[in-house]
Amino acid sequence: MGTHGDDVLFSGCLTVLAVAIGARQARREAKGPPSAGPAGGRAVFGLVALLALVPFLLITLSHGYGTENRISAVPFREILDASAHADVDLSDVAAVNLIGNVLLLVPFGAAAAFVWPDRRRVLKTALTAAALSLTVEVAQYALSLGRVTSVDDVLLNTAGAALGAFLVRRWTRTRRTRRLTPPAPSASGAGGRAGRGKGTEREERIGAGRRSGA
């Protein structure tokens, strides 16, 4: 197995590990406040976000298959070129590249969304991912890695991180709504209370009749 294969395998293992740790911490926080406190929970997700970045850096900063660097500064050009083919499948390198650029930062975006637990978590995550991706693209060109320095890669990486943060925001809102919504009274419980009420009224009438007869 070559260097690229090793990087992909190692990156896959790290991604699975990051997702497992993040999912476990998310379940802990969903059940109640973590024992380490809110700051401790954010620290865990911060470490998960850093761990999720390692596969992204390993893949994007490795040597490409080209012999010279190239710059693609026109937004959406590569995206439109890849989507213009009707027979796009997993054997299409351009399609795999586009999908991979999105998926690479989804775990990072999901973990980073827990670090900023406020209404602007998606925006903050997207801006952080954009800055990170732009730095990587500049490094690719400066290091002469034989890759295409593309503005579309920045857009796709940012979209992937924003997608991860958006999914986390939806999940946390759903969990919060379920917590704040009181459980509806069961039919058996309501019927039992009604029956007890009728029984009490009947006993009071019987007691009043006995007192008047005496």
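Before reading further, recall that the structure is shown in the block above.
Residues numbered from 1 in each chain as written. Predicted model: local features only at pLDDT ≥ 70, side-chain atom pairs only at ≥ 80, totals over all residues. Heavy atoms only, no water.

1. Section: helix α5 (residues 106-115)
By the criterion of burial, α5 is predominantly enclosed, with eight of the 10 residues buried. Inspection of α5 places V106, P107, F108, G109, A111, A112, A113 and F114 among the buried residues, and these make up the whole buried set. (Buried < 20%, exposed > 50% of the residue type's maximum accessible area, 1.4 Å probe, protein only. Helix = DSSP H or I, 4+ residues; strand = E, 2+ residues; numbered from the N terminus.)

2. Side note on the side chain of T60
Tracing the backbone shows T60 in helix α2 (residues 37-60). Under the relative-accessibility criterion, T60 is labelled buried at 7%. Excluding residues within four positions of it along the chain, T60 makes contact with L104, V136, Q140, L145 and R147. (Contact = heavy atoms within 4.5 Å.)

3. Some details on a nonpolar patch on the surface
Together, L57, L61 and L143 line one region of the surface with nonpolar side chains, adding up to about 240 Å² of accessible area. By relative accessible area, which is 54% here, L143 ends up exposed. (Patch = residues over 30% accessible without salt bridge, like charges linked within 9 Å, V, L, I, M, F, W, Y side chains within 5 Å. Areas by Shrake-Rupley, 256 points an atom, 1.4 Å probe, with all protein chains shown as cover. Salt bridge = Lys/Arg side-chain N within 4 Å of Asp/Glu carboxyl O.)

4. Some points on the side chain of D152
With respect to the helices and strands, the residue D152 is situated in helix α7 (residues 151-180). A distance of 2.8 Å separates a polar side-chain atom of D152 from the backbone nitrogen of E78. In this view, D152 contacts V74, P75, F76, R77, E78 and I79; residues no more than four positions away in its chain are not counted. (Polar contact = N/O pair within 3.5 Å; in protein donor to acceptor, adjacent residues only side chain to side chain.)

5. Some words on the nonpolar core
Counting 14 residues, the largest nonpolar core has L53, F56, L105, F108, A129 and A161 as its most contacted members. Counting residues per element, the ones that place at least two in this core are α2, α5 and α6 (121-142). Take this core: its biggest share by element is five residues, from α2. Discounting residues that sit within four places of it in the chain, L53 has contacts with L105, F108 and L132. Residues F45, A113, A162 and A165 belong to the second largest nonpolar core, which totals nine residues. (Core = buried A, V, L, I, M, F, W, Y, C linked by side-chain atoms within 4.5 Å.)

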